[in-house]
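Residue strings, one per chain:
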Number of protein chains: 2
Amino acid sequence: MIQQKIGVRIKELRISLGLSQEKFALKIGMDRTYFASVEAGKRNISINNLEKIINGLELSFSDFFSGMED
Amino acid sequence: MIQQKIGVRIKELRISLGLSQEKFALKIGMDRTYFASVEAGKRNISINNLEKIINGLELSFSDFFSGMED
DNA sequence: TTGTGACTTGTAGTCCGTG
DNA sequence: GCACGGACTACAAGTCACA
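Per chain, residue numbering runs from 1 following the sequence as it is written. Starting at A for chains and at 1 for ligands, labels are handed out in the order in which the entities are written. Predicted model: local features are reported for residues with pLDDT of at least 70 only, side-chain atom pairs are reported and counted for 80 or more only, and whole-chain, interface and lining totals are derived from all residues. Think of the side-chain values as coming from all heavy atoms in the structure, minus any hydrogens and water.

1. Remarks on the nonpolar core
One finds A:Leu50, A:Ile53, A:Phe65, B:Leu50, B:Ile53 and B:Phe65 to be the most contacted residues of the largest nonpolar core, which totals 40 residues. Contacts were defined at the residue level, with two residues in contact if any of their heavy atoms lie within 4.5 Å. When near neighbours in sequence (up to four residues on either side) are disregarded, B:Leu50 contacts A:Ile47, B:Ile6, B:Ile10, B:Ile45, B:Phe61 and B:Phe65. In plain words, nonpolar cores are sets of buried Ala, Val, Leu, Ile, Met, Phe, Trp, Tyr and Cys residues tied together by side-chain atoms within 4.5 Å. Relative accessible area decides the class of each residue, using a 1.4 Å probe on protein chains only: under 20% of the type maximum gives buried, over 50% gives exposed, and in between gives partly exposed.

2. Some words on the protein's contact with DNA strand C
As a structural note, the neighbourhood of DNA strand C is formed by 18 residues, with A:Tyr34, A:Ser46, B:Gln21, B:Arg32 and B:Lys42 the closest of them. In this text, near means that some heavy atom of the residue lies within 4 Å of the molecule or strand in question. Within 4 Å of the protein, the contacting atoms of DNA strand C are 56% sugar and phosphate, with bases supplying the remainder. Definition of a polar contact: a pair of N or O atoms within 3.5 Å, with one able to donate and the other able to accept a hydrogen when the atoms are protein atoms, and with sequence-neighbouring residues admitted only if both atoms are side-chain atoms. The separation between a phosphate oxygen of DNA strand C and a polar side-chain atom of B:Gln21 is 2.4 Å. Between DNA strand C and B:Lys42 there is a distance of 2.4 Å, counted from a phosphate oxygen to a side-chain nitrogen or oxygen. Taken together, the residues of the surface near DNA strand C break down into 3 nonpolar, 7 polar and 8 charged. In the scheme used here, Gly and all other residues not listed as nonpolar or charged are polar, with Ala, Val, Leu, Ile, Met, Phe, Trp, Tyr, Cys and Pro taken as nonpolar and Asp, Glu, Lys and Arg as charged.

3. Side note on the relation of the copies chain A and chain B
Superposing chain A onto chain B takes a rotation of 180 degrees combined with a translation of 0.1 Å along the rotation axis, leaving an RMSD of 0.1 Å. Within this description, the copies of the chain are treated as partners about a two-fold rotation axis. Within chain A, A:Ser46 has its C-alpha nearest the rotation axis, a separation of 2.1 Å. Both copies present the same face, since 100% of the interface residues in chain A are matched by interface residues at the equivalent positions in chain B. The copies were overlaid by least squares, fitting only the C-alpha atoms of residues that reach a pLDDT of 70 or more in each copy.

4. Section: the packing of helix H2 (residues 21-28) of chain A against helix H3 (residues 32-39) of chain A
Residue and element names in this part refer to chain A. Closest axis-to-axis distance for the H2/H3 pair is 9 Å, and the angle between their directions is 110 degrees. Accordingly, the angle class assigned to the pair H2 and H3 is roughly perpendicular. Like other packed secondary-structure pairs, H2 and H3 cross with a definite hand, here right-handed. Together, Gln21, Glu22, Phe24 and Ala25 of H2 and Arg32, Phe35, Ala36 and Glu39 of H3 make up the contact between the two elements. Of the residues contributing to the contact of H2 with H3, the split by class is 4 nonpolar, 1 polar and 3 charged. For helices, the fitted line uses only the C-alpha atoms of the stretch in contact; every axis is such a line through C-alpha atoms, and the angle between N-to-C directions lies from 0 to 180 degrees. Numbering goes from the N terminus for both helices and strands, where a helix is a DSSP run of H or I of at least four residues and a strand is a run of E of at least two. Angular relationships are summarised with four words: roughly parallel below 35 degrees, roughly antiparallel beyond 145, roughly perpendicular across 65 to 115, and oblique for the angles in between. A clockwise turn of the near helix away from the far one marks a right-handed crossing, whereas an anticlockwise turn of less than a right angle marks a left-handed crossing.

5. Some words on the packing of aromatic side chains
Working definition: rings of Phe, Tyr and Trp (its six-membered ring) pair if their centres are within 6.5 Å, and the pair is stacked with planes under 30 degrees apart, edge-to-face with planes over 60 apart, and tilted otherwise. Per the counting criterion, the structure on display carries 9 aromatic pairs over all chains. Judged by centre distance (5.2 Å) and plane angle (45 degrees), the rings of A:Phe24 and A:Phe35 are tilted. Here A:Phe24, found in helix H2, pairs with A:Phe35, found in helix H3; they are 11 residues apart in sequence, far enough to count as distant. There is no split in this pair, since A:Phe24 and A:Phe35 are both buried. Between the aromatic rings of A:Phe65 and B:Phe61, the centroid separation amounts to 4.8 Å while the plane-to-plane angle is 20 degrees, which identifies the pairing as stacked. Of this pair, A:Phe65 sits in helix H5 (residues 61-66) while B:Phe61 sits in helix H5 (residues 61-66), on two different chains. In this pair, the class of A:Phe65 matches that of B:Phe61, namely buried. Through pairs of rings, three or more aromatic residues link up here, namely A:Phe61, A:Phe64, A:Phe65, B:Phe61, B:Phe64 and B:Phe65. The rule for a charge over a ring is simple: NZ of Lys or CZ of Arg within 6 Å of the ring centre, and within 35 degrees of the ring normal. Across from the ring centre of A:Phe64, 5.7 Å away, lies the NZ or CZ of A:Arg9, which sits over that ring.

6. Quick look at the protein's contact with DNA strand D
Every one of the 14 residues lining DNA strand D counts as a neighbour, but A:Gln21, A:Lys42, B:Thr33, B:Tyr34 and B:Ser46 are closest to it. Where the surface near DNA strand D is concerned, the elements lending two or more residues are H3 of chain A together with helix H3 (32-39) of chain B.

These values are about where atoms sit, not about what they do.
Pasting the structure below:
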């Protein structure tokens, strides 16, 4: 399931930035509990919200997905 | 807006496969009119539906986004 | 063959908490 | 700092008639 792989990828990148879920969610203007469920792979996120996250991780879509484990 | 860039990218790839919107939508099990609106960049598509489309285009997420114009 | 407006239903997404 | 839940509201999913 793609949403789970995305969650894993987001988590590893957020941690590498040294930010908590809460701080990161705040930074990108997203609800803390919703962001947590995305990271847990439980949400079928929309592309606009995924863009918010990827921007917050300071990556391009291409880089985000090219580094994703399959 | 990311959804518009995605629509453009999908359209160019679908055409390169030589398929109509209808045939492609049928192939991936998606409603034709819904697919048309995604191609037109009018829908904030979810990651699971985008996955269906990208699979139908026979590409990886990475390749899909690496070829996207910005 | 494709574009679009209108509509209903399911779930994305928000906000309040808890251990 | 994180996982989880309840109760909401907003919006994506999915379908149709018609151009």
